[in-house]
Amino acid sequence: MRCLLVISTCLLAVSLAAQTPAYRAPRTPDGKPDLNGIWQALNEANYDIELHIARPALALQPGPYGPVPAAAVLPLGAVGAVPPGVGVVEGGELPYKPEALAKKKENQENWLTRDPEIKCYLPGVPRATYMPYPFQILQSAKALFVAYEYAGAVRNIYLKDPGPSPVDSWMGQSVGRWEGETLVVDVTGFNDQTWFDRSGNFHSDSLHVVERYTRTSPDVIRYEATIEDPKVFTRPWKMSMPLYRRQEKNAQLLDFKCVEFVEEMIYGKLRRTPLK
Amino acid sequence: MNRPAILICILAIALPLAAQAPKTSAVKPYVPPRAPDGHPDLQGTYDLATLTPLERPAGTKAVLTDEEAAKLEKDVASRKDQAGQAISGDRSAPPKGGDGSTGAAGGVGGYNNFWLDPGSTYTIVNGERRTSLVIDPADGRVPPLTPAARQRALAGRVARPTSDTTESRDPGLEPAGSYDDPERRPLGERCILGFGSTSGPPALPDYFYNNLHQIVQTPEYVMILTEMVHDARIIRMNSEHVPKTIRKWMGDSVGRWEGDTLVVDTTNFTDKTRFRGASEDLHVVERFTRVSANALLYRFTVEDPSTWARPWTGEYTWPSTDEHIYEYACHENNYALENILRGARRREADEAQKR
């Protein structure tokens, strides 16, 4: 009897686990889960997708008792510090190949000159999802489109596979399909110019991302991205995080055309009269 | 009024209307496909390229006959073919001082016509092959600038270019100071907005390339993606404008349906957008109407009392296309702008040495 009880309890537990997600999202008129809305991640992944403790700055120099902020970012003080985060990578450390891990560290040491975000370059995928800016999903029966506030980046998600991307790009080529409650987006055709975060985590042009968007409550999407890049990693790995609906009544994407904001940094030395 | 008189009156009104009828689309009313919310479905990808200029060239009539248009279009096509010949891969460097190639080729045989897609046909509205986008004023010309705007434009020539400035202006003919600072370069060169007011509003053909636009429509939003500089303008339906303190490069757009026409009202431009020299008080009203399974009619009215003495209106057809929009990553490694400025500094250094 006791044995039966244990077995039935186990079976119940197993079946409950298999039943996720329990939430059924509201539907669009064509019967798909409705992802329309303005969403944003609320985590520290853009600083560092891996589990990390707080650091004095993103650019460091050795101090007599440990690292201190590098001279270039010193005036930022606490504003320039790295907030701690539990990480979004599942299963511990990123599975870098040894030479790739060396490059990641080199990237991190040269963050100021190498991070594409500093120059307002397009963020790539999945980084666009968890940058500290909102993004808007526009979903109709005919189209799926994501507009990001950061740098005005955009992604059209093809609902019919147009075949391999004829050209590499910063945001990749996205093809979406529905698996029950989940939007699955297959992203390929990347160049090797974007990063995963401000900590030098990177990929090659062999990057292949599979994203899964699943609504788990009226105001939350569970986001998963499986990363495959045989040139950089020894095996595929996964990140996951909740995305939250912006609750403000007047929530909307505003202009963040940072191209203008980095002109002094990139071209200032070429002014006829450089600023002092 | 007695009955025969009323009858005559009715006939007097109805007859000319009936005579005009074949010109209007009212004869064969087009029933657009509907989105689930009952409004016409405007979604798709559209190619705005056309040979029809914004303003009617002097001495040109408003509408071309089919034969006239066919001849002009054929001439353009043959010129494009000639100018689009492949350049030999092992050609030598252009001679010092340039090879005489004009426009986008920049005197060094840069972009030839192979790369360009400036349009191949005149826009057809209500069956008419138009010679200008502008329909009001009736002469097809943008009204002259007000004295205040001329004053502003004069200052602007030294300060900064306008949102419709093209990149292919002839070097050497630009106003003094044009190369002093990145802020004085055209917005297209800086990768802030596409040149030629391609993003708008008003969204105009740029007569050069990359004229695709994509519309995605939900009950609450209409999004218009401009291919050039990947600008997505998100129009909030049945909403109010943001406070005046919030300024946007493409203005703040709110939309509503008037029957089967999407009406988009845009204000709150930045003082750096400066469409054709307009102030930040620029007000644009756009009207999108699906007129066939594969075309929208786009009509726009532009208003800014400090710039033009009266509002003006243009319209043209947006034909749909099966082309895909690929990423227009403009700012990433924009070495053109860097080298343009570096070239200017080098020239100044050379001139200083001569003196």
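Computed from a prediction, not measured in an experiment: that's the story for all the values here. (Residues numbered from 1 in each chain as written. Chains lettered and ligands numbered in written order. Predicted model: local features only at pLDDT ≥ 70, side-chain atom pairs only at ≥ 80, totals over all residues.)

Draft legend 1. Geometry of the overall build of chain A. Check the secondary structure of chain A and you find 5 helices and 11 strands. Considered along the principal axes of its C-alpha atoms, chain A spans approximately 80 × 50 × 40 Å. Taking all 276 residues of chain A together, the buried fraction comes to 36%. Put simply, 62% of the contacts in chain A that link residues at least 6 apart link residues at least 24 apart. (Helix = DSSP H or I, 4+ residues; strand = E, 2+ residues; numbered from the N terminus. Buried ≥ 20, exposed ≤ 12 C-beta atoms within 10 Å, placed from the backbone. Contact = placed C-beta atoms within 7 Å.)

Draft legend 2. Spotlight on the overall build of chain B. Within chain B, the secondary structure is distributed over 4 helices and 13 strands. A fraction of 61% describes how many contacts in chain B between residues 6 or more apart in sequence connect residues 24 or more apart.

Draft legend 3. View of the nonpolar core. In this structure, A:F145, A:V146, A:A147, A:Y148, A:A153, A:M241 and B:M223 are the most contacted members of the largest nonpolar core, which totals 93 residues. One finds A:L270, B:Y179, B:L337 and B:L341 within the second-largest nonpolar core, a separate group that totals 5 residues. (Core = buried A, V, L, I, M, F, W, Y, C linked by C-beta atoms within 7 Å.)

Draft legend 4. View of helix α4 (residues 335-354) of chain B. Counted at 1.5 Å a residue, the expected span for α4(B) with its 20 residues is 28 Å, and the 28 Å between its end C-alpha atoms agrees. When you tally the buried positions in α4(B), you get 2 out of 20 residues, a small fraction of the element. (Expected span 1.5 Å × (residues − 1).)

Draft legend 5. A look at the interface of chain B and chain A. The partner chain A presents 34 residues to the 35 residues of chain B that form the contact. Elements represented by at least two residues in the side of chain B that touches chain A include exactly β6 (212-217), β7 (221-226), β8 (231-237) and α4 of chain B. A total of 5 residues in the side of chain B that touches chain A trace back to one element, the largest contributor, which is α4(B). The class makeup of the residues in the side of chain B that touches chain A is 17 nonpolar, 7 polar and 11 charged. (Nonpolar A, V, L, I, M, F, W, Y, C, P; charged D, E, K, R; others polar.)

Draft legend 6. Unusual backbone geometry, seen in detail. Residues and elements named next belong to chain B. P137 follows D136 through a cis peptide bond whose omega is 5 degrees. With respect to the helices and strands, the residue P137 is situated in the loop between β5 (134-136) and α3 (147-158). If you check the backbone angles, Y207 has positive phi at about 60 degrees while not being a glycine. Relative to the helices and strands, Y207 resides in the loop between α3 and β6.

Draft legend 7. The pairing of strand β8 (residues 182-188) of chain A, seen in detail. Residues and elements named next belong to chain A. Going residue by residue along β8, you find L183, V185 and V187 tucked away on one face and T182, V184, D186 and T188 left uncovered on the opposite face. When strand β7 (residues 173-179) meets β8, the two strands line up antiparallel, connected through 7 bridges. Bridge assignment links V175 to a residue of β8, and that residue is D186. Linking β7 back to β8 in an antiparallel pair, the connection comprises 2 residues, with G180 at a positive phi of about 60 degrees. Across 6 bridges, the pairing between β8 and strand β9 (residues 208-217) is antiparallel. Bridge pairing links L183 to Y213 in β9. (Pairing = 2+ DSSP bridges.)

Draft legend 8. Representation of the sheet that holds strand β2 (residues 63-64) of chain B within the structure. Residue and element names in this part refer to chain B. Judged by pairing direction, the sheet is antiparallel, and its 3 strands sit side by side in the order β2-β4-β3 without closing on themselves. Two strands bound the open sheet, and with one partner strand each, they are β2 and β3 (124-125). Here β3 runs beside strand β4 (residues 128-130); their pairing, made up of 2 bridges, is antiparallel. Each residue of the ladder has a partner; that of I124, found in β4, is R129.

Draft legend 9. Structural detail: the sheet that holds strand β12 (residues 295-303) of chain B. Residues and elements named next belong to chain B. As summarised here, the arrangement of the 10 strands in space is β1-β6-β7-β8-β9-β10-β11-β12-β13-β5, forming an open sheet in which the pairing is mixed. Edge positions in the open sheet fall to β1 (44-47) and β5, since each of these has one partner strand only. Here the strands of the sheet are splayed against their neighbours by 25 degrees on average, with no regard to which way each runs. One ladder, built from 7 bridges, connects strand β9 (residues 252-258) with strand β10 (residues 261-267); its direction is antiparallel. Across the sheet, the residue bridging to E258 is T261, located in β10. (Axes fitted to C-alpha atoms, helices over the stretch in contact; angles between N-to-C directions.)

Draft legend 10. Focus on the environment of A:Q40. Residue and element names in this part refer to chain A. Mapped onto the fold, Q40 is located in strand β1 (residues 37-41). Considering only alpha carbons, one finds Q40 and Y244, 204 residues apart in sequence, at a separation of 5.4 Å. Those residues in contact with Q40 that lie beyond four places of it in its chain are P134, L243, Y244 and R246.

Draft legend 11. Structural view of the confidence of the model for chain B. Mean pLDDT over chain B stands at 87; residues scoring 70 or higher make up 86%. Segment residues 1-25 of chain B is flagged for pLDDT under 50; beyond a separation of four residues in sequence, or across chains, it makes 9 contacts in the model. (pLDDT = per-residue confidence, 0-100.)

Draft legend 12. Structural context of the pairing of β7(A). Relative to β7(A), strand β6 (residues 154-158) of chain A is paired through 2 bridges, and the arrangement is parallel. Paired with A:Y158 across the bridge in β7(A) is A:V175.

Draft legend 13. Layout of the environment of A:A72. All names here are of chain A. Tracing the sequence through the fold places A72 in the loop between β3 (66-69) and α2 (98-109). C-alpha of A72 to C-alpha of L60: the two residues are 12 residues apart in sequence and 9.3 Å apart in space. Aside from chain neighbours lying at most four places away, what touches A72 is A59 and L112.

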